Amino acid sequence: MAVDDVDGTLATMGPRLRAAREHHGLTLTGVSRATGISASTLSRIETGRRRPTLEVLLQLSKEYGVSLDELAGTEPAPAAEPRARAPLSFGDDKAVLPLTRYVGGLHAHKHVLPAVEGPPARPRQLSHDGHEWLCVLYGRLWLALGDQDLVLVAGDVAEFDTRTPHGVANAGPGGPVEYLVMFGPQGERLRQRTPPAAARRTGDRKAAE
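Since the model is a prediction, treat every value here as computed from it, not as a measurement.

A few words now on the sheet that holds strand β5 (residues 140–145). A sheet is described by the order of its strands in space; here three strands give the open sequence β6-β5-β8, paired in antiparallel fashion. Taken across any chain shown, the strands that pair with only one partner, and hence form the sheet edges, are β6 (148–153) and β8 (166–170). Ignoring which end each strand starts from, the neighbouring axes of this sheet average 25 degrees apart. Note that β5 and β8 share five bridges and pair antiparallel. Paired with Leu145 across the strands is His166, a residue of β8.

Encoded structure:
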């Protein structure tokens, strides 16, 4: 730090020390009794007529509950809070909330379909490269998959190759539908790490033999 910067920093410490003292409702006499620093010395420091030593600054920062960075005006600015990603809206009033930031590989979204008043038309189907996994969180979801029509409810899961024509819709009156989607644009599939219960039981029997 240049000499001019040091002088400028020390010159601004006096007003900051005074502000910190007054913020706590303390008098020069009270601070003097608590720290052992004479009231006249404290007064000269606050008015810029005397430079504070490191020892004095350490005592006062502890007494006022502030850091040396705060007294020097060099405290880093607080990091900005991450902005929540707003749901994307589509023409059919469907809302999509991205849950991942990356573009390649598997990525996830939360979808919300609004409530409907009457029986919906069969969902419009699309096909494209990739692999999709979806799980219904709430409501009844109509999944038109090729020539199949499936109604999925909360807790139901479907996994399919997106080259098969597919589409979804709210299955009928009763409220909105919420579901999670994980999609792999290159055809990535979810990999099961936990062995099925039957396999575990077989392994347990072999271990016991």
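Inspection of every chain in the model, using the stated rule, returns five salt bridges. A salt bridge links Glu22 to Arg18; the nearest nitrogen and oxygen atoms lie 3.0 Å apart. Taken together, the positions of Glu22 and Arg18, both in helix α1 (residues 3–23) and four residues apart, correspond to about one turn of that helix. Among the residues examined, Arg18 registers a relative accessible area of 42% and is labelled partly exposed. Residue Arg21 pairs with Glu46 through a salt bridge whose shortest N-O separation is 2.7 Å. Of this pair, Arg21 sits in helix α1 while Glu46 sits in helix α3 (residues 39–46); the two residues are 25 residues apart in sequence, bridging distant segments of the chain. One exposure class covers both Arg21 and Glu46, and it is buried.

What follows concerns the pairing of strand β9 (residues 177–184). Bridge count for strand β3 (residues 107–113) against β9 is seven bridges, and the pairing is antiparallel. If you follow Lys110 over to β9, its bridge partner there is Leu180. Relative to β9, strand β4 (residues 131–138) is paired through seven bridges, and the arrangement is antiparallel. Bridge assignment links Leu134 to a residue of β9, and that residue is Val181.

As a packed pair, helix α2 (residues 28–35) and helix α4 (residues 54–64) sit with axes 11 Å apart at the nearest point and diverge in direction by 110 degrees. With respect to each other, α2 and α4 are oriented roughly perpendicular. For the pair α2 and α4, the crossing hand works out as right-handed. Taking contact as the criterion, the partners of Val31, Ala34 and Thr35 in α2 are, on α4, Gln59, Leu60, Glu63 and Tyr64. Residues that form the contact of α2 with α4 fall into these classes: four nonpolar, two polar and one charged.

One can find Ser43 in helix α3. Ser43 gets classed as partly exposed once you look at its relative accessible area, which sits at 22%. For the pair Ser43 and Gly14, spaced 29 residues apart in sequence, the C-alpha separation works out to 8.9 Å. Beyond its immediate chain neighbours, meaning those up to four positions away, Ser43 contacts Leu28 and Arg49.

Structurally, Asn170 is set in strand β8. A polar contact of 3.0 Å, which involves the side chain of Asn170, links it to the backbone oxygen of Pro114. The contact partners of Asn170, leaving out residues within four places of it in the chain, are Leu113, Pro114, Ala115, Val116, Pro120, Arg140, Gly175, Pro176 and Val177.

Right, let's get into α2. In an α-helix, one turn spans 3.6 residues, which is why side chains three or four residues apart end up on the same side. Taken together, the buried positions of α2 are Val31, Ser32 and Thr35. Angular distribution of buried residues about the axis of α2 spans 105 degrees; they occupy a single face of the element. In the stretch just after α2, Gly36 is the one whose phi turns positive, near 85 degrees.

Cut-off values and rules
Residues numbered from 1 in each chain as written. Predicted model: local features only at pLDDT ≥ 70, side-chain atom pairs only at ≥ 80, totals over all residues. Heavy atoms only, no water. Pairing = 2+ DSSP bridges. Helix = DSSP H or I, 4+ residues; strand = E, 2+ residues; numbered from the N terminus. Axes fitted to C-alpha atoms, helices over the stretch in contact; angles between N-to-C directions. Salt bridge = Lys/Arg side-chain N within 4 Å of Asp/Glu carboxyl O. Buried < 20%, exposed > 50% of the residue type's maximum accessible area, 1.4 Å probe, protein only. Parallel < 35°, antiparallel > 145°, perpendicular 65-115°, else oblique. Left-handed = near helix turned anticlockwise from the far one by under 90°. Contact = heavy atoms within 4.5 Å. Nonpolar A, V, L, I, M, F, W, Y, C, P; charged D, E, K, R; others polar. Polar contact = N/O pair within 3.5 Å; in protein donor to acceptor, adjacent residues only side chain to side chain. Arc of directions from axis to C-beta.

Purely geometric stuff here, so don't read any function into it on its own.
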